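Examining the three-dimensional arrangement
Here's the letter readout for the chains.
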Amino acid sequence: DLLPPGFPNIDMGPQLKVVERTRTATMLCSASGNPDPEITWYKDFLPIDPSTSSGRIKQLRSERFEGTPIRGALQIENSEELDQGKYECVASNVEGVRYSSPANLYVRGREQPDCRARQ
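Description of the structure in this document. Values in this document were obtained by computation on a predicted structure and should not be read as measured data.

Moving on: the nonpolar core. Met27, Trp41, Leu74, Ile76, Tyr87 and Leu105 are the most contacted members of the largest nonpolar core, which has 18 residues in total. At the level of secondary structure, the elements contributing two or more residues to this core comprise β3 (25–27), β5 (38–43), β10 (74–76), β11 (85–93) and β13 (103–108).

Encoded structure:
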């Protein structure tokens, strides 16, 4: 069951993340292979299409994280509750397709100071 030499590999997959509502969440993904794999993202097992998000969701083409070039990070601006879910990045090239382990994104409400009068 040997994989072809250029088969995609997920070098760094997304990690569990908690973000406050309206903040920016970035899910990281880095993959290698020959040829360089194309990275796509899935949320709750459905493909994410950044073009339908009015620019709120972007796939970053190159970013550095602790010195490692990240070509496939997913950036979600102005997070809202509907962004919460299970995210996977998928690396594909002519040799095959590899899925990352899934990672959950949790979106929590902004902390509101308790301004009710004390009785």
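Right, picking up where we left off after that structure.
Counted according to the given criterion, the structure contains one disulfide. The disulfide partner of Cys29 is Cys89, and the gap between their sulfur atoms is 1.9 Å. With the S-S bond torsion at 50 degrees, the cross-link from Cys29 to Cys89 turns out right-handed. With a gap of 60 residues between them, Cys29 in the loop between β3 and β4 (30–32) and Cys89 in strand β11 connect regions that are remote in the sequence. For Cys89, a relative accessible area of 0% puts it in the buried group.

Here we come to the sheet that holds β3. Taken in spatial order, the three strands line up as β3-β10-β7 in an open sheet, and their pairing is antiparallel. On the outer flanks of this sheet lie β3 and β7 (57–59), each paired with one strand and no other. The average angle at which neighbouring strand axes cross in this sheet is 15 degrees, direction not considered. The pairing of β3 with β10 spans three bridges and is classified as antiparallel. Bridge pairing in β10 links Thr26 to Gln75.

A few words now on unusual backbone geometry. The step from Asn34 to Pro35 runs through a cis peptide bond, and the omega angle for that step is 0 degrees. Along the chain, Pro35 turns up in the loop between β4 and β5. A positive phi angle, close to 50 degrees, is found at Asp44, a residue other than glycine. Tracing the backbone shows Asp44 in the loop between β5 and β6 (46–47). Phi is positive for Asn78, which is not a glycine, with a value near 50 degrees. Its location among the elements puts Asn78 in the loop between β10 and β11.

Procedures and definitions
Residues numbered from 1 in each chain as written. Predicted model: local features only at pLDDT ≥ 70, side-chain atom pairs only at ≥ 80, totals over all residues. Heavy atoms only, no water. Core = buried A, V, L, I, M, F, W, Y, C linked by side-chain atoms within 4.5 Å. Buried < 20%, exposed > 50% of the residue type's maximum accessible area, 1.4 Å probe, protein only. Helix = DSSP H or I, 4+ residues; strand = E, 2+ residues; numbered from the N terminus. Disulfide = S-S within 2.5 Å. Pairing = 2+ DSSP bridges. Axes fitted to C-alpha atoms, helices over the stretch in contact; angles between N-to-C directions.

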